[in-house]
Amino acid sequence: MTRKIETLAVVGSGYMGGGIAQSLALTGCTVYLTDADAQRARDSHARLLREAEAFESAGLFPAGSTATLKEKLIAAESIEAIGQRVDYVAEVVPENLELKLDVLKRIEAAVRPDCIIATNTSAIPIKTMAPSLQHPSRFLGVHWMNPAPFVPAVEIIPGADTSEDVVAASEALVQAAGKVTARVADVAGFVANRLQFALFKEAVAVVEEGLATPEDVDKVVSNSFGFRLALFGPFAIADMAGLDVYAASYGSLERQYGPRFSVPAGLKQRVDQGDLGLKTGGGFLGLPPSCAQPLAAYRNKAYQRLMQLRQELGEPPFGASEG
Ligand SMILES: NC(=O)c1ccc[n+]([C@@H]2O[C@H](COP(=O)([O-])OP(=O)(O)OC[C@H]3O[C@@H](n4cnc5c(N)ncnc54)[C@H](O)[C@@H]3O)[C@@H](O)[C@H]2O)c1
């Protein structure tokens with residue numbers, strides 16, 4: 001049986017910690033907010049309630065959310081003051097290894113031995129932090145995305161010593177908040193940030209090489225493959241496009257940019273064996289050719305709806321000011 005988490009603490013009630021606290025308190029858990037000092041925790045608490053009221057009036061949070069948060073979200077003096085009461089702690093302090101190690105030690109000294117400790121680090125491997133804990137079996141990465149209440153994915157990163165019941169209980173907790181979890185390996189940047197930062201580095205290079213302005217890069221990405229990425233991951237997109245098309249395109253890119261753009265071995269091998277993705281059946285996702293038609297119908301409908309949504313929302317207000 002998955003162990004139950006009913007009372008928890010968020011240490012670091014800033015941008016991410018605040019959203020994580022709101023999301024978890026809305027599941028009915030009691031969430032204590034702590035920060036570098038009690039006043040900051042109280043200020044965050046007030047901010048999160050004001051924000052929840054605005055979200056609720058705008059229809060972004062369900063009716064009754066603010067009332068739930070008023071009951072379930074509590075500003076605490078410090079982790080020491082409430083440590084013995086909590087089943088789970090989310091560490092959400094700034095991305096600074098020294099600070100995180102310091103705070104993790106302080107958390108571990110304050111909580112019960114069975115309390116789960118989850119770090120929201122964006123990119124620091126769990127194995128870099130685990131040795132500073134006395135009980136690394138209760139420690140793992142639970143990486144929420146920004147803004148936490150409105151982005152579905154949460155990466156779950158077990159460390160080498162994390163026990164399975166800790167991983168399962170953490171997954172169940174964030175799934176109860178409506179999140180989509182994926183267990184990923186313990187490497188710098190995990191999956192999301194490795195991919196996101198690879199793309200961003202290339203985008204900065206495109207601008208630095210004078211090939212396009214930042215505005216035009218954003219226009220191209222958000223209206224082309226980025227548009228598709230709202231619905232499908234890179235493997236579904238490649239399988240649907242045709243792996244031969246991808247392999248040929250890598251050929252052109254390699255001629256211009258060198259070996260860093262050579263055809264990935266796993267792609268070349270498939271194409272050499274005649275596996276071209278959906279059109280032959282197979283691909284990275286093992287898609288049967290029989291799903292081609294329903295998948296195309298789903299895709300067309302989804303893209304058309306996404307276009308409609310974007311038209312309804314209008315352009316992002318990059319030039320707007322408050323008030
Ligand atoms: N901002 C993002 O887009 C994003 C997305 C995913 C993950 N993360 C990760 O989440 C973590 C927090 O990022 P953020 O953007 O919320 O930062 P933030 O600066 O908004 O919040 C950090 C909070 O920690 C508090 N804090 C600082 N020292 C502390 C201490 N010793 N004890 C307790 N609290 C302390 C700060 O006062 C602040 O309220 C980082 O590891 C970051 O990499 C950030």
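Residues numbered from 1 in each chain as written. Predicted model: local features only at pLDDT ≥ 70, side-chain atom pairs only at ≥ 80, totals over all residues.

Per an unreviewed UniProt entry, the protein goes by the name 3-hydroxyacyl-CoA dehydrogenase and belongs to Chitinasiproducens palmae. Its UniProt record, at the heading Sequence similarities (unreviewed entry), says of the protein: "Belongs to the 3-hydroxyacyl-CoA dehydrogenase family." (UniProt positions renumbered as here; feature names shortened; annotations may be inferred.)

**Student:** Could you give an account of the UniProt feature "domain: 3-hydroxyacyl-CoA dehydrogenase C-terminal" (unreviewed entry) in the protein, with specific residues and numbers?
**Tutor:** Using the residue numbers shown here, the UniProt feature "domain: 3-hydroxyacyl-CoA dehydrogenase C-terminal" (unreviewed entry) corresponds to residues 189–285. With 65% helix and 0% strand, the stretch residues 189–285 has end C-alpha atoms that lie 24 Å from each other. (Helix = DSSP H or I, 4+ residues; strand = E, 2+ residues; numbered from the N terminus.)

**Student:** Quick rundown of the sheet that holds strand S7 (residues 153–158)? Include the residues and the values.
**Tutor:** Spatially, S3-S2-S1-S4-S5-S6-S7-S8 is the arrangement adopted by the 8 strands of the open sheet, whose pairing is mixed. Because the sheet does not close on itself, it has two edges, and the strands there are strand S3 (73–75) and strand S8 (180–183). Going from strand to strand, the sheet's axes swing by 25° on average, the running direction of each strand aside. Two elements, strand S6 (residues 139–144) and S7, share 5 bridges in a ladder whose sense is antiparallel. Paired with Trp144 across the bridge in S7 is Val154. In this fold helix H2 (residues 38–57) packs onto strand S2 (30–34) and S3, with an angle of close to 150° to the strand it touches most, S3. (Pairing = 2+ DSSP bridges. Axes fitted to C-alpha atoms, helices over the stretch in contact; angles between N-to-C directions. Contact = placed C-beta atoms within 7 Å.)

**Student:** Can you lay out the domain arrangement of the protein for me, pointing to particular residues and giving the numbers?
**Tutor:** Structurally, the protein comprises domain 1 (7–183) and domain 2 (224–313). Measuring from the centre of the C-alpha atoms in domain 1 to the corresponding centre in domain 2 gives 36 Å. (Domains from an automatic or database assignment.)

**Student:** Tell me about the packing of helix H1 (residues 15–25) against H2, and please be specific about residues and values.
**Tutor:** At a closest axis distance of 11 Å, the pairing of H1 and H2 adopts a crossing angle of 60°. Viewed along their axes, H1 and H2 adopt a mutual orientation that is oblique. Crossing of H1 against H2: the hand is right-handed. Counted together, Gly18, Ala21 and Gln22 of H1 and Ser44, Arg47, Leu48 and Ala52 of H2 form the full contact between these two elements. Per-class residue counts for the contact of H1 with H2 are 3 nonpolar, 3 polar and 1 charged. (Parallel < 35°, antiparallel > 145°, perpendicular 65-115°, else oblique. Left-handed = near helix turned anticlockwise from the far one by under 90°. Nonpolar A, V, L, I, M, F, W, Y, C, P; charged D, E, K, R; others polar.)

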